[in-house]
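One-letter residues, chain by chain:
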Amino acid sequence: MTTTILDVSAAQGVIEWATLAAAGRCDGVICKATEGAGPYVDPQFDANFSGAARNALLLGTYHYAHPDESLDDAAIEARHYVSSVLKRAKANDWTAPLLYALDIENARRIRKGPPFVAWCRAFVETIEAMTSLTCWVYTGGPFWDENDGDIDAESAAFFAARPLWIAAYVTDPAKWVKMTPWRVVGHALHQWAGDVQPGGKPGIRYPGIAGNVVDTNRYDGTFAALRGLIGRGAGARDTEPAPAPSSGPPTWPQTPTSKSSQRLRAVRPEEWSPQTSAHTVLPDIVPAIEDEVDTGGEGDS
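Now for a quick tour of the structure.

Conventions and cut-offs
Residues numbered from 1 in each chain as written. Predicted model: local features only at pLDDT ≥ 70, side-chain atom pairs only at ≥ 80, totals over all residues. Heavy atoms only, no water. Helix = DSSP H or I, 4+ residues; strand = E, 2+ residues; numbered from the N terminus. Buried < 20%, exposed > 50% of the residue type's maximum accessible area, 1.4 Å probe, protein only. Contact = heavy atoms within 4.5 Å. Salt bridge = Lys/Arg side-chain N within 4 Å of Asp/Glu carboxyl O. Pairing = 2+ DSSP bridges. Axes fitted to C-alpha atoms, helices over the stretch in contact; angles between N-to-C directions. Left-handed = near helix turned anticlockwise from the far one by under 90°. Nonpolar A, V, L, I, M, F, W, Y, C, P; charged D, E, K, R; others polar.

**Looking at the environment of Ile 230**
Among the structural elements, Ile 230 can be located in helix H7 (residues 223-230). The class for Ile 230 is buried, based on a relative accessible area of 2%. Note: C-alpha distance between Ile 230 and Gly 60 (170 residues apart in sequence) is 8.7 Å. Setting aside its immediate chain neighbours within four residues, Ile 230 contacts Leu 59, Pro 97, Leu 98, Leu 99, Leu 133 and Trp 136.

So this is what it looks like as C-alpha cells:
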C-alpha cells in the first residue's frame, strides 16, 4: 500500500481544506513553516496548519534552510523553526508528534564538504534536542553529493539514522539515492511529482488547491505506519536493521550517533525571495525527468 502526502506553502494560495479532504485523493500534508534565521514565517502557515489539523490531514512541517559558515546560525534557524511550529500547535490544541524536516537545497553561502555537513548536523541536533523527535532531511541526490564532499564515516552514520525525504521526479528513486549516508538504508518519503510528473506530464491538480501545482510525495506503507515513524524519539534504536527499500518501507532511526539524544522550474539564486520560495528546487537538485516513463495518474490514489 502507498500513502500520498502533499507538501504545501504560500505558493498554493488559500487552500479549501474541507474540499481537499473530502476528495480523498491525499492522505496527509506537510506544511512549510519557516525559512532562514527569522523572522520569516510562511504567510499561509497559520491557515495551513489549522486547516490541515481540522481535517485530519496534518502530518508535519518543514524549514527551508539558508546555511552559512556559522554553526550558531544553524541553531538559530532551528530554534526559529521549532518555536514557530510549537506556537501553532498550541493555538490548535495539537499534541500528536509532528514531522520536522530540514529542507536543504540551498548552499550558496557555505563551503562544500565539512562546513556544509557540520551546519546540517548542528541544525538536526538542535531540532532533536528541542523536540525529542527524529529530524528528517529533504534534499536531492545530486545536490547532496555535490555539497557533502568526502563525508566522514561518523557523519555519514549520523545522517543515515535520519529519514531521507528525496526529491526525484522519477518513478523509481533508488538509483538517485547514491549519497553516502542513505545509499544502504534508502529513502523514507519520495517527492515524485511537482510542476511536472515523470514522463513530462503536467503536475497533478487536487480539488481545493487553486494556486501553484502542489508537490506530490509517496510513502510505501500505510498512513498509520508513517505516523508511527514520525513519533519515534530522537536516538531511538531498532532491534533489527531496516529492510532494503525494495522489500518495504525502511524503519528509522537506524543506528543513530547523535550527540544530543521545488521544483524543476528554473529559479536562479539571484531570483530567490522568501515570498515566492517553497521547495524552490534548482534544476540541479532534482534528477532529469525520465521522458520514457509514463506514470499515468499514479499520484491520484
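**With respect to the pattern of salt bridges**
Tallying each qualifying case throughout the model produces seven salt bridges. In this structure, Asp 46 engages Arg 88 in a salt bridge whose closest nitrogen and oxygen atoms are separated by 2.5 Å. Linking Asp 46 in helix H2 (residues 45-54) with Arg 88 in helix H3 (residues 71-91), this pair joins segments that are 42 residues apart in sequence. Overall, the relative accessible area of 11% leaves Arg 88 in the buried class. Glu 154 is the partner of Arg 121 in a salt bridge, and the nearest nitrogen-oxygen pair spans 2.6 Å. Of the two residues, Arg 121 sits in helix H4 (residues 114-131) while Glu 154 sits in helix H6 (residues 153-160), which places them 33 residues apart along the sequence.

**Here we look at the pairing of strand E8 (residues 215-219)**
Here E8 lies mainly inside the structure; five of its five residues are buried. The side-chain alternation of E8 yields two buried faces, one formed by Asp 215, Asn 217 and Tyr 219 and the other by Thr 216 and Arg 218. Relative to E8, strand E1 (residues 3-8) runs antiparallel, the two being bridged by five bridges. Bridge assignment links Leu 6 to a residue of E8, and that residue is Thr 216. The sheet contact formed by strand E7 (residues 189-193) and E8 spans three bridges and is antiparallel. The residue bridging Ala 193 from the neighbouring strand is Thr 216, located in E8.

**Some remarks on the environment of Asp 172**
When you line up the elements, Asp 172 lands in the loop between strand E6 (164-167) and E7. Owing to a relative accessible area of 47%, Asp 172 belongs among the partly exposed residues under this scheme. Residues Asp 172 and His 190, 18 residues apart in the sequence, show an inter-C-alpha distance of 9.1 Å.

**Quick look at the packing of H3 against H4**
Packing of H3 against H4 brings their axes to within 8 Å, and their N-to-C directions diverge by 40°. The handedness of the crossing between H3 and H4 comes out as right-handed. In this structure, H3 uses Leu 71, Asp 73, Ala 74, Ala 75, Glu 77, Ala 78, Arg 79, Tyr 81 and Val 82 to contact H4, whose residues at the interface are Ala 118, Trp 119, Ala 122, Phe 123, Thr 126, Ile 127, Met 130 and Thr 131. Of the residues belonging to the contact of H3 with H4, the class tally is 12 nonpolar, two polar and three charged.

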